[in-house]
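Chain residues, written in single-letter form:
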Amino acid sequence: MVLSLLLASSALVAPTAYAFANGQNASVVIGQPNFTTKSEILPLLNESRLAAPYDVKFDSSGNLWVADSADGRVLEFAAPLTSDEKASVVLGAPNFSTSYLGYSLSTNGTNLFNPEAIAFDSSGNLWVSDTGEARILEFTPPFTTGENATLALGVPDLKTAGNTNNPASQTNLNTPDGLTFDSSGNLWVADAGYYRVEEFKAPFSFGEAASVVLGQDNFTAKNFPNEPNCPPTCGAPTKSTLDGPYDVAFDSSGNIWVADRNDHRVSEFTPPFTNGESASTIVGGSCAIFGQVLTANCASVIEFIGFDHSGMLWVSDTGNGRALGFHAPITTGENASIVLGEPDFQTTFGIVVNATQSNLVNPEGLAFDSSGNLWISDSGLNRVIEFSSSVVGTTTTVSSTGQASTTPSSTTQAQQTTPAQSTTSSSVQSTTSNTGGGIPEFPYQVLAVLTVTVLVAASYILMRRRSLS
């Protein structure tokens, strides 16, 4: 009886995959009353407007946090998220109608001056790159409007602003931007003004020294343009240099990826990390902007990056008004397989831009919620928009003959798009569908077949032994 049941057809459902379509419409907008409104920075401050939003992150409760950079504040929007909703908490200001931009105020633990990046550690603390003050601040929960920071990196205390005119050292920062934590809880910082990425080890303390530097040979190196005593070749990009790194992100294998902004590329560095190490993979490269011909494997001014639940790399191609998705495993020079913000890989925004439900002007931070939806801040249109993913499941049926067949199922039908057409040849040929964020189905089919085969064989052997005994 056991053998008969095992030999009968069995259905297994593969893990959920997520898919996006080229040029798809957004589903939620925050910072504007609707998708076609393009309010400028001039209106008065309130709970629902944004001015040049940069980074976006989700906390463990699914609330969305936005670095509202030009307003000098960080806002929390409570879940469930809806279009034009009002923020519930503000950091960097005492209320929603006040903006401290640092011009006439003394530096302290409550003011923010052009915050551009944010990140949560495993304890739920919020870390903010207070870019205009050349420091990083930690805020601890429960978060309250106007609360005081508890710790600062890059400066000795909360009352001191960083001095960007000082030479690079192991303790100071110059235009800190993207933040991320590794699996050990160490903080990694894209220190754009010193053309480097640094690691700060936990537990953290005021003004602590960094432990590892990428992009430079050491912590005092002057290997970046416009610096006195810079070698003649110091501005030329190599596998070990960075030019204005803007963001950092870890993949599931513990490799760190860096948005190398002014080199128009994303570089991967593999552990164990050492000072000045060379990148192992490079994606992107400079391409034309402002209405000229684009391709699927170039970018202009990359500012933020991130990974979705399937390991796909997403890149804010800020200079071209689009977000690009690169399927894993990621290889040097590969083509993007999905584009958001533009209808195809050859189109970019024009000189006059109107807000629509699908376009991006200056995409910055990007983050995925727990359902796999992608949220992108668009500093050019003063808004944050959500692109909903299609939820694609695959039912794998294994027959008594060991053959597997698959039946795709979906709660939302993903729009199918044609593969990226490039005006230049590429040595990397993609064999994946260009609906982004998917999880390859084939490995799960093989696993299903092997699992049933092993069970059938084991049951048969067990029954044979019993019949012989």
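Residues numbered from 1 in each chain as written. Predicted model: local features only at pLDDT ≥ 70, side-chain atom pairs only at ≥ 80, totals over all residues. Heavy atoms only, no water.

A.B. asks: Where do I start with the overall build of the protein in this structure?
C.D. replies: Check the secondary structure of the protein and you find two helices and 28 strands. Across the 469 residues that make up the protein, the buried fraction comes to 53%. Restricting the contact set of the protein to residue pairs at least 6 apart, pairs at least 24 apart contribute 54%. About 19,700 Å² of surface is accessible on the protein, with carbon and sulfur atoms providing 55% of the total. (Helix = DSSP H or I, 4+ residues; strand = E, 2+ residues; numbered from the N terminus. Buried < 20%, exposed > 50% of the residue type's maximum accessible area, 1.4 Å probe, protein only. Contact = heavy atoms within 4.5 Å. Areas by Shrake-Rupley, 256 points an atom, 1.4 Å probe, with all protein chains shown as cover.)

A.B. asks: Got a minute to help me understand empty space enclosed by the protein in this structure?
C.D. replies: In this approach a probe as big as a water molecule rolls over the atoms, and the regions it shows empty are the leftover space. Inspection of the entire model under this criterion finds two cavities of 30 Å³ or more. Its boundaries defined by the atoms lining it, the second largest cavity holds a volume of some 40 Å³. In this structure, the second largest cavity is lined by Val266, Val283, Gly284, Cys298, Ala299, Ile302, Val315, Leu324 and Phe326. For the lining of the second largest cavity, the secondary structure elements donating two or more residues are β19 (281-284) and β22 (322-326). (1 Å grid on protein atoms, 1.4 Å probe; cavity = no way out; pocket = protein on both sides within 12 Å on 5 of 7 lines; lining within 4 Å. Points joined across faces, edges and corners; volume = space filled by probe spheres on them.)

A.B. asks: What's the story with the pairing of strand β8 (residues 115-120) in this structure? I'm lost.
C.D. replies: It is a general feature of regular strands that their side chains alternate between the two faces of the sheet. With six of six residues buried, β8 lies mostly within the body of the structure. One ladder, built from five bridges, connects β8 with strand β9 (residues 126-130); its direction is antiparallel. Across the sheet, Pro115 pairs through a bridge with Asp130, a residue of β9. Connecting β8 to the next strand, β9, in antiparallel fashion are five residues, including Gly124 with a positive phi near 90°. (Pairing = 2+ DSSP bridges.)

A.B. asks: Mind showing me how you'd approach the sheet that holds strand β12 (residues 176-181) here?
C.D. replies: In a beta sheet, neighbouring strands pair by backbone hydrogen bonds and run either parallel or antiparallel. Sheet architecture is open: four strands sit in the order β12-β13-β14-β15, paired in antiparallel fashion. Both outer strands of the open sheet, β12 and β15 (212-214), are each paired with one neighbouring strand and no more. The sheet shows a mean angle of 20° between the axes of neighbouring strands, taken without regard to direction. Alignment of strand β14 (residues 196-200) against β15, held across three bridges, turns out to be antiparallel. Counted as the bridge partner of Glu198 is Val213 from β15. (Axes fitted to C-alpha atoms, helices over the stretch in contact; angles between N-to-C directions.)

A.B. asks: Help me out: how do you make sense of the packing of aromatic side chains in this one?
C.D. replies: The relation between two aromatic rings is expressed through the spacing of the ring centres and the mutual angle of the planes. Tallied over the full model, the rule gives 15 aromatic pairs. An angle of 70° between the planes, with centres 5.9 Å apart, marks the rings of Trp65 and Phe120 as edge-to-face. Separated by 55 residues along the polypeptide, Trp65 in strand β5 (residues 64-68) and Phe120 in strand β8 bring together distant segments of the chain. A ring pair is formed by Tyr246 and Phe304, whose centres lie 5.6 Å apart and whose planes are at 85°; its orientation type is edge-to-face. On the criterion of sequence distance, the pair formed by Tyr246 in strand β16 (residues 245-250) and Phe304 in strand β20 (residues 302-307) is long-range, its members being 58 residues apart. (Phe/Tyr/Trp six-rings, centres within 6.5 Å; stacked < 30°, edge-to-face > 60°.)

A.B. asks: What's the story with the pattern of salt bridges in this structure? I'm lost.
C.D. replies: It is possible for side chains bearing opposite charge to pair when their charged atoms get close. Overall, the coordinates contain twelve salt bridges when judged by the stated rule. Across the pair Asp191 and Arg196 runs a salt bridge, and its minimum N-O distance is 2.9 Å. For the pair shown, Asp191 and Arg196 are each scored as buried. A salt bridge links Arg265 to Asp263; the shortest N-O distance between them is 3.8 Å. (Salt bridge = Lys/Arg side-chain N within 4 Å of Asp/Glu carboxyl O.)

A.B. asks: Where do I start with the nonpolar core in this structure?
C.D. replies: Across soluble globular proteins, nonpolar side chains have a tendency to be buried as a group. If you look at the biggest cluster of nonpolar residues, it comprises 18 residues, and the most contacted ones within it are Trp257, Val266, Ile302, Ile305, Leu313, Val315 and Phe326. Sorting the residues of this core by element identifies β17 (256-260), β20, β21 (313-317) and β22 as the ones contributing at least two each. Top element by residues in this core is β20. It accounts for three residues. When sequence neighbours within four positions are dropped, the list of residues in contact with Ile302 reads Tyr246, Ala259, Arg261, His264, Arg265, Val266, Val315 and Ser316. (Core = buried A, V, L, I, M, F, W, Y, C linked by side-chain atoms within 4.5 Å.)

A.B. asks: I would appreciate a short explanation of the environment of Ala93 in the present structure.
C.D. replies: Relative to the helices and strands, Ala93 resides in the loop between β7 (89-91) and β8. Separated by 19 residues in the primary sequence, Ala93 and Val74 place their C-alpha atoms 8.7 Å from one another.

A.B. asks: What is the right way to read unusual backbone geometry from this model?
C.D. replies: As a rule of thumb, non-glycine residues mostly have phi less than zero, and peptide bonds are mostly trans rather than cis. In this chain, Ala202 is followed by Pro203 through a cis amide linkage whose omega measures 0°. Tracing the backbone through its elements, the reader meets Pro203 in the loop between β14 and β15. Ala328 connects to Pro329 through a cis peptide bond whose omega is -5°. Within the fold, Pro329 resides in the loop between β22 and β23 (338-340). A positive phi angle is found at Ala134, which is not glycine, with a value near 55°. Mapped onto the elements of the fold, Ala134 is located in the loop between β9 and β10 (135-139). Residue Ala134 is classed as buried on the basis of its relative accessible area of 0%.

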